[in-house]
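Residue-level structure breakdown
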Amino acid sequence: MDKITRALALNNEIKVSIAKTKEIANTALKLHNLWPTSLSVLAKTLTIGAMMGKMLKGSDALTIKINGNGPIGNIVVDANALGEVRGYVDNPHINFINNQNILDDKTAIGLDGFIEVIKTQNLKTDFSSSVEIKTGDLANDFTYYFFTSEQTPTIILLNLDISKEALVTESNGLLIQTLPKTNEATIKYLEKTFENFKNTASLLSKDATDILKTLFKDDYVILEESNLIYNCNCSKLNFSKGLGSLNKKDLKQIIDEDEKAEIICNYCKKEYLFSKDELNIILDKGKLV
């Protein structure tokens, strides 16, 4: 089971999230038949989403939307406070390798667009903010997002390893944020520690406790360790509401011409078939009842 560990460190002046998301990444790989660079982009966004989701409370949730007008198209991830995530990319069959023989997220994502984060509370939009994509490096761009949109100095590290058999062997994330009481000495320590940091994969492959010890020695306290899971909560009822939101003339045309409707969930690829009788109920009631 994938896990997230949340902690305070450096005299309780910073908060830390460490996410282990290998199973989530492999679930996304299988559901969407992802090629390596599409896998890299979606898995990293799912990891970020998982860490952001666990910052929420109760039934709160968020949606991350990324579009840099690159060949991968839209990247969409939903996450919630329960540790559930799901996501998809428009084009799952993208594979670019840069001149360092590394998967090229930047080319796949593109640089002409935005990262948008929408937070919901009680199923209503509570907060929405977007920032320009600056680098195409998701860790760097979400660091910029937190600093710009939430005025929170943040450090994010991500890594993903794929085996020769095209399975994910490592998918991890580290998110560090300062708290309002963080003093200058703590900030300087973090800057020195992560300046030109090059050992991301080596660090993040450790278990959560070893990561905390490596970075903060004994100056940390673990607040929570909880499960993370790829979970899609789609249902026929919810999709019926979507059909019910269509213009009645358009829905009537579907009924008259096709006598059925088939919808495939973007997140989990589950298929939902609506018969002519069901569509007529939706036309009359706005949803299945």
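The notes below deal with the structure included here. Being a predicted model, the structure only gives us computed values, none of them experimental.

**Some thoughts on the pattern of salt bridges**
Opposite charge on two side chains permits them to pair, given that their charged atoms come into close proximity. In total, this model carries ten salt bridges according to the counting rule given. Ionic pairing is found between E224 and R6, a salt bridge with its closest N-O pair at 3.2 Å. Of this pair, E224 sits in strand β10 (residues 220-230) while R6 sits in strand β1 (residues 2-9), placing them 218 residues apart in sequence. Residue classification places R6 among the partly exposed positions, given a relative accessible area of 25%.

**Some words on the environment of A208**
Tracing the backbone through its elements, the reader meets A208 in helix α7 (residues 208-216). Among the residues examined, A208 registers a relative accessible area of 10% and is labelled buried. Sequence spacing of A208 and S17 is 191 residues, and the spatial spacing of their C-alpha atoms is 9.1 Å. With residues up to four places along the chain from it excluded, the contact list for A208 reads T5, I18 and K20.

**Here we look at the layout of surface pockets**
Approximately 1,200 Å³ is the volume found for the largest pocket. Along the wall of the largest pocket there are 40 residues; nearest its centre are D137, A139, N140, L158 and T200. For the lining of the largest pocket, the secondary structure elements donating two or more residues are α2 (36-53), α3 (105-109), α4 (138-149), β8 (154-162), β9 (168-178), α5 (184-194) and α6 (200-204).

**Overview of the packing of helix α1 (residues 22-32) against α2**
The geometry of α1 relative to α2 is characterised by a closest axis approach of 9 Å and an angle of 135° between their N-to-C directions. Here α1 is positioned oblique relative to α2, judged by the angle of their axes. Here the hand of the crossing between α1 and α2 comes out right-handed. Mapping the contact onto sequence places I24, A25, A28, L29 and H32 in α1 and L39, L42, A43 and L46 in α2. Among the residues making up the contact of α1 with α2, the classes are represented as eight nonpolar, one polar and no charged.

How each quantity is defined
- Residues numbered from 1 in each chain as written.
- Predicted model: local features only at pLDDT ≥ 70, side-chain atom pairs only at ≥ 80, totals over all residues.
- Heavy atoms only, no water.
- Salt bridge = Lys/Arg side-chain N within 4 Å of Asp/Glu carboxyl O.
- Helix = DSSP H or I, 4+ residues; strand = E, 2+ residues; numbered from the N terminus.
- Buried < 20%, exposed > 50% of the residue type's maximum accessible area, 1.4 Å probe, protein only.
- Contact = heavy atoms within 4.5 Å.
- 1 Å grid on protein atoms, 1.4 Å probe; cavity = no way out; pocket = protein on both sides within 12 Å on 5 of 7 lines; lining within 4 Å.
- Points joined across faces, edges and corners; volume = space filled by probe spheres on them.
- Axes fitted to C-alpha atoms, helices over the stretch in contact; angles between N-to-C directions.
- Parallel < 35°, antiparallel > 145°, perpendicular 65-115°, else oblique.
- Left-handed = near helix turned anticlockwise from the far one by under 90°.
- Nonpolar A, V, L, I, M, F, W, Y, C, P; charged D, E, K, R; others polar.

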